[in-house]
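# Observations on chain architecture
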Number of protein chains: 2
Amino acid sequence: MLLALQRATHRTLQALSGELAELKLSASEINVLGNLADGRPRSVRELSRDTGTRATTLTGILDRLERRALLSRELDAQDRRSFRIALTDQGREAAGTVHAAIVELERHALAGLSDQELASYRAVVAALQEVF
Amino acid sequence: MLLALQRATHRTLQALSGELAELKLSASEINVLGNLADGRPRSVRELSRDTGTRATTLTGILDRLERRALLSRELDAQDRRSFRIALTDQGREAAGTVHAAIVELERHALAGLSDQELASYRAVVAALQEVF
DNA sequence: TATTGTTATACTCTATAACTATA
DNA sequence: TATAGTTATAGAGTATAACAATA
């Protein structure tokens, strides 16, 4: 069950980065952009929670995305230890493409499953996220 | 939905390798041992399918596990291009511990969910695996 | 000719611990 | 003292292409 989860994650990530090949994004970069696609800026800590990636790993990923001008780190005036990671215009476009590819892959993979099955799936995945 | 899948995978892997800290296994090594835990030897190709890891990546993982005497590569007499990856006695013990930790983590995380929800979950994960 | 698995290379991800700045 | 985020280091995972051996 957990092993199937890993298998499915690997497979869908490979399929996704194949479809997004022209964007030259790694799996983690896709993950970050996919999460930021809603347009809401996040702190590193929050992004770490959302992606399941450690802050120390995120630093390098964000460095690369910032260097490619897809996102920016803006100082948070409320807490000056912290940044707000925000998409640039270019990043918004890339994130939009990522989001569309995710939606399309889901639509394709999940056609034929009932709403009820999908709701149950979401409940189980949510439960697995709470293992800590 | 796909993003939640990745998040859940990251989280459960981190929880697992935390619980298995004394075995000093990486997430991928845990994944390989968990799959081999049923005792059935597999070719690299088959293990690649089961784990969602590419053959080229698997080579290094198997090298390390073989060096630690947890598994062996036996020549396959039927197809001499291929190996049969089999657990050693020591590997069987480690794989048993991994398997037990997975079962326990699932039991803990999934308590309170109905059989029907779990069945739906399995159906969705199976569908996601078929994206290729 | 196609497939199995490995190697080579360069890059990305990860864990751990130590560190700076701010709270 | 605690938290946010980065850096440093060493090791592990990845993609890609090329390769040897076997089918």
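So, a few notes on the structure that sits alongside this text. (Residues numbered from 1 in each chain as written. Chains lettered and ligands numbered in written order. Predicted model: local features only at pLDDT ≥ 70, side-chain atom pairs only at ≥ 80, totals over all residues. Heavy atoms only, no water.)

Moving on to the relation of the copies chain B and chain A. For these two chains of identical sequence, chain B goes onto chain A by a turn of 180° and a shift of 0.0 Å along the axis, with RMSD 0.0 Å. Here the transformation between the copies is reduced to the relation of a two-fold axis. The position closest to the rotation axis in chain B is occupied by the C-alpha of Tyr121(B), lying 2.1 Å away. A share of 100% of interface residues in chain B that are also interface residues in chain A marks the association as one of identical surfaces. (Least-squares fit on C-alpha atoms with pLDDT ≥ 70 in both. Contact = heavy atoms within 4.5 Å.)

Overall, the coordinates contain 18 salt bridges over all chains when judged by the stated rule. Between Arg73(A) and Glu66(A) there is a salt bridge, and its shortest N-O distance comes to 3.1 Å. Ionic pairing is found between Asp50(B) and Arg42(B), a salt bridge with its closest N-O pair at 2.8 Å. Taking relative accessible area as the criterion, Asp50(B) reaches 18% and is therefore assigned buried. (Salt bridge = Lys/Arg side-chain N within 4 Å of Asp/Glu carboxyl O. Buried < 20%, exposed > 50% of the residue type's maximum accessible area, 1.4 Å probe, protein only.)

Take the protein's contact with DNA strand C next. Around DNA strand C, 21 residues are found, and the nearest of them are Ser26(A), Arg54(A), Arg64(A), Arg73(B) and Ser82(B). Of all DNA strand C atoms lying within 4 Å of any protein atom, the proportion belonging to sugar or phosphate reaches 77%. Between Thr59(B) and DNA strand C, the recorded distance is 3.0 Å, taken from a side-chain N or O atom to a phosphate oxygen. One of the side-chain N or O atoms of Arg73(B) is found 2.5 Å from a phosphate oxygen in DNA strand C. Elements supplying a minimum of two residues to the surface near DNA strand C: helix H4 (55-67) of chain A together with helix H3 (44-51) and helix H4 (55-67) of chain B. Grouping the constituent residues of the surface near DNA strand C by class yields three nonpolar, ten polar and eight charged. (Near = heavy atom within 4 Å. Polar contact = N/O pair within 3.5 Å; in protein donor to acceptor, adjacent residues only side chain to side chain. Helix = DSSP H or I, 4+ residues; strand = E, 2+ residues; numbered from the N terminus. Nonpolar A, V, L, I, M, F, W, Y, C, P; charged D, E, K, R; others polar.)

A separate point is the protein's contact with DNA strand D. As a matter of local geometry, DNA strand D sits amid 21 residues, with Arg45(A), Arg73(A), Ser82(A), Arg54(B) and Arg64(B) nearest to it. Of everything in DNA strand D that lies within 4 Å of the protein, sugar and phosphate atoms constitute 81%. For DNA strand D, a phosphate oxygen lies 3.0 Å from a polar atom in the side chain of Thr59(A). A distance of 2.7 Å separates a phosphate oxygen of DNA strand D from a polar atom in the side chain of Ser82(A). Listed by contribution, the elements that provide at least two residues to the surface near DNA strand D are helix H3 (44-51) and H4 of chain A together with H4 of chain B. A per-element tally of the surface near DNA strand D places H4(B) first, with four residues. Here the surface near DNA strand D is built from residues that sort into three nonpolar, ten polar and eight charged.

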